[in-house]
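Commentary on secondary and tertiary structure
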Amino acid sequence: MTVDSPRPPRHWEADVLLRDGRTAHIRPIAPEDAELLVEFYSRVSDRSKYYRFFSPMPQLSERDVRRFTQVDHDKRVALVLLLQGRMIAVGRYDVVGTREAEVAFLVEDSHHGRGIGQLLLEHLAQAARERGIERFTAEVLPDNSRMIHTFRDAGYKVASGYEDGVLTLEFSIDPTDTSIGVMRGREHRAEAASIERFFNPRSIAIIGASRRQDTIGQVLVRNLVTADFTGRVYAVNPSAKAVSGLPAFKSVSDIPDDVDVAVVAVPAESVTDVVLDCAAKGVHGMIVISSGFAETGDEGRQRQRHLVGLSRSYGLRLIGPNCLGIINTDPEVSVNASLSPVMPARGRAGFFCQSGALGSAILEKVQNRGLGLTTFVSAGNRADVSGNDLLQYWEEDDATEVVLLYLESIGNPRKFSRIARRVSQRKPIIAVRSGRTTQGVPMGHAVRRIAAPPEALDAMFRQAGIIQVDTLEEMFDVAQLLAHQPLPRGRRVAIVGTSDALGLLAADAAAAVGLSVTRSVTLHTEPSAEDFEDALDDAIDDPEVDAVMAVYIPPLNVTGEDIANVLAAVGEQSDKPLVSSFLGAEGVPELLRVPDVAGSAAGRGSVPSYPAVEAAVRALARVVDYAMWLRVPDGAPLDVSGADNLAAHRVVNRALAQRPEGGQLTRDEVAELLAAYGVELWDAVPVTSLKEAQQVGKRMGWDVVLKATAEGLRERPDLAHVWRHIDSAAEMKSAWESLSGLARDPAQAGFVVQKVSPPGVPIAIRSMEDPLFGPVVSFGISGPVIDLLSDRSYRIPPLRQTDVTSMVREVKSSPILFGYRGADPVDVGAVEDLIARVAQLQNELPQVSSLDLSLVLAGSAGANVLTAVAAVAPVSEPRPDLVRRLNDHPGDTIPQ
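Quick look at the structure, then. The numbering scheme is per chain: residues are counted from 1 as the chain's sequence reads. Note on the predicted model: pLDDT of at least 70 is required for a residue's local features to be given, and 80 or more for side-chain atom pairs to be given and counted; whole-chain, interface and lining totals, by contrast, use all residues. Computation of side-chain values covers all heavy atoms of the structure but excludes hydrogens and water.

1. Concerning the nonpolar core
Rules: The nonpolar core is taken to be a set of buried Ala, Val, Leu, Ile, Met, Phe, Trp, Tyr and Cys residues, with the residues joined through side-chain atoms within 4.5 Å. Relative accessibility thresholds used throughout: buried, under 20% of the residue-type maximum; exposed, over 50%; partly exposed, between the two (1.4 Å probe, protein chains only). For the purposes of this entry, the term helix denotes a DSSP run of H or I that reaches at least four residues, the term strand denotes a run of E that reaches at least two, and both are numbered from the N terminus. By definition in these notes, contact holds between two residues if any of their heavy atoms fall within 4.5 Å.
Grouped together as the largest cluster of nonpolar side chains are 59 residues, with contacts concentrated most on Ile287, Leu391, Leu405, Phe416, Phe461 and Phe773. In terms of residue count, helix α13 (residues 454-463) provides more of this core than any other element does, 5 residues in total. With near-sequence residues (within four places) excluded, Phe461 lies in contact with Leu407, Ile410, Phe416, Ala431, Arg433, Ile466 and Gln468. With 48 residues, the next largest nonpolar core counts Val366, Ile430, Ala509 and Val551 among its residues.

Structure (structure tokens):
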């Protein structure tokens, strides 16, 4: 690109995933692409050229090449798609009228059917929106059905006309629920397809396979072979003829057959050569066990960034580096491409973790508990494939009924929340999040630290229906219940046991976690199987019972086989969940398992056991909370009435034009911004002298407030910065002198005069925009004690009515709003409406870096906003959910 050529925005360049799960790279065209363009055009068929130009055009002239490669990235924009360094598609738009542009594509014939035209349209539409374009037009020959479908299937409302043998299509490119839904559906299918190839390979090459015992290469070969992998295994070792009875090849390219997946265990500095070798062979993806990347420091981060960029440019997906590997227990595949010697039994749960060392411990624990897994992934540094990809796969995997996540960092919280909320509607997700309090990030995970408070991330998990637990032990406690027992219908529990003391412990534990014990039966210490069965049946048949807990710990050392048979039989037939503390066992003991025709470790109806009744109750409470979440209709995001998004954008854009680096808005700007969303800011008049304050008070008809609003004064817990009910010049003089004494410089105190508002409960509604996390909204009662106790609720926009309703009621101080100690209840509907308006404002205006309605008086007749401050900041990239793109290379983010 010449020095004078305009530069396109950096975020127009991205790695993308094609329909078949392979990767490619999209970026703006440049003058240096002339040779690539000519070569690309030479591979395009005459028919495709005719469809593009409506006439025979076998070659591009030098003038054509210059015209197509030299654009201004404003009125004329062109994007190219690259794979293995070759151009395989180009899309462009040219402005043809006021806020209107003509769009066209050309895709190499051998890459038709991979969703390339749809990807180019998404990215061109986003680029056009950033340039103020509102509509696209396209001229298409009537028999070019492929291109017509590309436009019609994009989710836009397309109008068409026909003239002189050409079909003209016109459509607005403003994102709609339909177009976003179409895009996300394509994203889901592509990401699921990319992971499916890892879990169901027909052939695997182990690069770095070794004959020496106790080496990583030897362990990988042994684990793959002993797991009875049903596909073909190839050993790659340039200095050996055979490894563990397998013929060895010097390179992947030397393997005579196709290779789906490559497992890489070579020194870090050699991995780049392996990528090129795998790309030449057409390998789908790599599992990089090798360490020596981002976890080692700056040099390793650079090496990792190069690895990911190179892999994606050649169409390869990557698990790792520095990972344990993957496992699929499906007997049709039976693959253990990992360093773990443990091949877990077939189960109903899929497990994703990041740490390799922790992965080995997890697999041991799974085996000891008899839980079983469908699939397992240890992603290591999570440079490419992440938990989001696995969620997309598990959503469609019928064998996986429960999803387990151990998360050390979240690279794309917005996308994670969106996918998890959808998956949770069908399958429970149980998650442990390390660094939950400190927000720490492991060395190998090059993601930015989230600026939002930890409570906001917890709120995101709750909104998405994720069962968040504190420890791995609790994760398995919950998982073994969800994998084998039905969901409860409510919070009512029956306890059937052989000990009053344990029954009381269970009842106390239940009360502590919000469960209600409606039935408690204590049998004698050595009941017969018939007595135990009758007691269980009666509890299960009780309409006032939603779940049953059985406690069997006899005083003598007995096998309890007859009681176990009863528990297993009742558990298999019951439509209510049955949990137990059986002989202090942990997991799903053999005696409590129901045989499974699919060969799983334990079938549906198997009864989980816990060593302590408290653990059983905690697990049951987590499952009850999830069941209650499922029962609440999801609903559509709220769209408040009277919102004027364009007017709000004008306020923000004008402020940023005056202050390009961002900063605080003036009170008038804040008032105008809030007014655009139907929120009235209580009138306040700034004053700089006593005389001015007296004049304003008199003009308002007195009964006014004088307050100091400067930083450091407006949040005083003793409220000494506020004088109320001023009704005369003398009272204003006293107030002015008193407040002036609080400030070091009265001229900087920010004095304002306001009319006294109707009485009410003080509340605060705040929002912020986190560059990584996205928008966050919080609610709480105002006051220093409340702030010290952090009694606030958080949600992630866009909000649904259930979110707003819960926000108001889940803070511990919420009774104050509902007539506490005889006070008048406030207009909670007005409070909820105000939260909804702030949330929509924050969701639609990412340039608003913070908004603080620090004093809102909520009374019986409405809510009045007395104090509000806001700040804006430039946004370098548009909303990330309007185009499909893979996460940036790890080295491009801020290491922690």
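More follows now that the structure is in view.
2. Brief notes about the pattern of salt bridges
Applicable threshold: Salt bridges, as used here, are contacts in which a Lys or Arg side-chain nitrogen is within 4 Å of a carboxyl oxygen on Asp or Glu.
Applying the stated criterion across every chain, the model contains 45 salt bridges. A salt bridge links Arg622 to Glu474; the nearest nitrogen and oxygen atoms lie 2.8 Å apart. With Arg622 in helix α18 (residues 613-631) and Glu474 in helix α14 (residues 472-484), the pair connects residues that are 148 residues apart, well separated along the chain. Here Asp625 makes a salt bridge to Arg491, at a shortest N to O gap of 2.8 Å.

3. Observations concerning the packing of helix α8 (residues 271-281) against helix α9 (residues 298-313)
Note the cut-off: Comment: axis = line fitted to C-alpha atoms, over the contacting stretch for helices; angle = value between 0 and 180 degrees taken between N-to-C directions. If an angle is under 35 degrees, it is roughly parallel; if it is over 145, roughly antiparallel; if it lies from 65 to 115, roughly perpendicular; otherwise it is oblique. Classes in brief: Ala, Val, Leu, Ile, Met, Phe, Trp, Tyr, Cys and Pro nonpolar; Asp, Glu, Lys and Arg charged; the others, Gly included, polar.
At their nearest, the axes of α8 and α9 sit 10 Å apart, and the two run at 5° to each other. When the axis of α8 is compared with that of α9, the two are roughly parallel. Along its contact with α8, which presents Val271, Thr272, Val275 and Leu276, the element α9 presents His306, Leu307, Leu310 and Ser311. Partitioning the contact of α8 with α9 into residue classes produces 5 nonpolar, 3 polar and no charged.

4. Details of the pairing of strand β35 (residues 848-859)
Short version of the rule: A pair of strands is labelled paired if DSSP reports no fewer than 2 bridges between them.
Along β35, 9 of the 12 residues are buried, which leaves the element largely enclosed by surrounding structure. Bridging between strand β32 (residues 761-770) and β35 involves 7 bridges; their strand directions are antiparallel. If you follow Ile765 over to β35, its bridge partner there is Leu853. Bridge analysis of β35 against strand β36 (residues 862-872) gives 9 bridges, and the strand direction is antiparallel. Across the sheet, Ser850 pairs through a bridge with Ala871, a residue of β36. Count of turn residues in the β35/β36 antiparallel hairpin: 2 residues.

5. Points about a nonpolar patch on the surface
Selection rule: Note that patches include only residues with greater than 30% relative accessible area and no salt bridge, and the join distances are 9 Å for like charges and 5 Å for nonpolar side chains (Val, Leu, Ile, Met, Phe, Trp, Tyr). Per-residue and other accessible areas were derived by the Shrake-Rupley procedure at a 1.4 Å probe size, with only the shown protein chains allowed to occlude residues.
Taken together, the side chains of Val785, Leu788 and Leu789 define a hydrophobic patch exposed on the protein surface, amounting to about 370 Å² of accessible area. Considering the arrangement of structural elements, one finds Leu789 in the loop between α23 (784-788) and β34 (793-795). On the accessibility criterion, Leu789 (64% relative accessible area) is exposed.

6. Quick notes on the sheet that holds β34
Read from one edge to the other, the open sheet built from 6 strands follows the order β27-β36-β35-β32-β33-β34, with strand pairing classed as antiparallel. Whereas interior strands pair on both sides, the edge strands pair on one side only; in this sheet they are β27 (663-664) and β34. Bridge count between strand β33 (residues 774-781) and β34: 3 bridges; the pairing is antiparallel. Its bridge partner being in β34, Phe779 is matched across the sheet by Ser793. Packing against the sheet, α13 makes contact with β33 and β34, and its axis sits at approximately 60° to β34.

7. Observations concerning the sheet that holds strand β22 (residues 467-469)
What the 7 strands build is an open sheet, ordered β17-β16-β19-β18-β20-β21-β22; its pairing is mixed. In the strand order of this sheet, the two ends are held by β17 (335-338) and β22, each with one partner. Neighbour-to-neighbour, the strand axes of the sheet open up by a mean angle of 15°, direction not taken into account. In the sheet, strand β20 (residues 402-407) pairs with strand β21 (residues 429-433) via 5 bridges, with the strands oriented parallel.

8. Observations regarding α14
Put simply, the test is: A helix's residues, less one, multiplied by 1.5 Å, set its expected span.
Helix length check: α14, at 13 residues, gives a terminal C-alpha distance of 18 Å against a target of 18 Å (1.5 Å per residue), a fit within 8%. α14 sits mainly inside the fold: 11 of its 13 residues count as buried. What α14 keeps buried is the set Glu474, Met475, Phe476, Asp477, Val478, Ala479, Gln480, Leu481, Leu482, Ala483 and His484.

9. Considering the side chain of Glu832
Formally: Under the rule applied, a polar contact is a pair of N or O atoms within 3.5 Å (in protein, one hydrogen donor and one hydrogen acceptor; residues adjacent in sequence only if both atoms are side-chain atoms).
Mapped onto the elements, Glu832 comes out in helix α25 (residues 828-844). Here the side chain of Glu832 touches Gln801 through a polar contact of 3.4 Å, side chain to side chain. Non-local contacts of Glu832, meaning those with residues more than four positions away in its chain, are made with Gln801, Val804, Thr805, Val808 and Arg809.

10. Focus on the packing of aromatic side chains
For any two aromatic rings, the description comes down to two numbers: the centre-to-centre distance and the angle of the planes. To be explicit about the condition: In this scheme Phe, Tyr and Trp rings, the latter by its six-membered ring, pair at centre separations within 6.5 Å, and the angle between planes marks the pair as stacked below 30 degrees, edge-to-face above 60, and tilted otherwise.
Overall, the coordinates contain 16 aromatic pairs when judged by the stated rule. Aromatic pair Phe136 and Phe171: ring centres 6.1 Å apart, planes at 85°, arrangement edge-to-face. Here Phe136, found in strand β6 (residues 135-140), pairs with Phe171, found in strand β8 (residues 166-172); they are 35 residues apart in sequence, far enough to count as distant. With relative accessibility at 0%, the residue Phe136 sits in the buried group. Taking 6.3 Å as the distance between ring centres and 20° as the angle between the ring planes, the aromatic pair formed by Tyr626 and Trp629 counts as stacked. You can see Tyr626 and its partner Trp629 sitting in helix α18, 3 residues apart, about one turn around the helix. With respect to class, Tyr626 is no different from Trp629; both count as buried.

11. Here we look at unusual backbone geometry
Negative phi is the rule for most residues except glycine; trans is the rule for most peptide bonds. Residue Gly320 is joined to Pro321 through a cis peptide bond whose omega torsion reads -5°. Its place among the elements puts Pro321 in the loop between β15 (317-319) and β16 (325-328). The residue after Pro797, namely Pro798, is reached through a cis peptide bond having omega 0°. In this fold, Pro798 is placed in the loop between β34 and α24 (801-810). Unusually for a residue other than glycine, Asn322 sits at a positive phi of about 60°. Within the secondary structure, Asn322 is located in the loop between β15 and β16. In this structure, His725 takes a positive phi of about 55° despite not being glycine.

12. A few points about helix α10 (residues 356-369)
Here is the rule: Working definition: the arc comes from the directions between the helix axis and the C-beta atoms, pointing outward to the latter.
An ideal rise of 1.5 Å per residue puts 20 Å on 14 residues; α10 measures up with 20 Å between its terminal C-alpha atoms. The complete set of buried residues in α10 reads Gly356, Gly359, Ile362, Leu363, Val366 and Arg369. The arc that holds the buried residues of α10, viewed along the axis, is 135°, so those residues lie on one side. Along α10, the residues that are exposed and aim more than 90 degrees away from the buried face are Ala357 and Asn368. Of the surrounding elements, those touching the buried residues of α10 are β16, β18 (346-353), β19 (373-378) and α14. Where α10 starts, the residue carrying a side-chain oxygen 3.1 Å from the main-chain nitrogen of Leu358 turns out to be Ser355. Once α10 ends, the next one or two residues include Gly370, with phi positive near 70°.

13. Overview of a negative patch on the surface
Operational definition: Charge assignment in this entry is limited to Lys and Arg as positive and Asp and Glu as negative, and neither His nor the chain termini are counted. Taken as the charge location is NZ of Lys, CZ of Arg, CG of Asp or CD of Glu.
On the surface, a cluster of negative charge is contributed by Glu530, Asp531, Glu533, Asp534, Asp538, Asp541, Glu561 and Asp562. Contributions of two or more residues to the negative patch are made by α16 (529-541) and α17 (561-573). Counting residues per element, the negative patch draws most heavily on α16, which supplies 6 residues. Here Asp531 lies in helix α16. The class for Asp531 is partly exposed, based on a relative accessible area of 34%.

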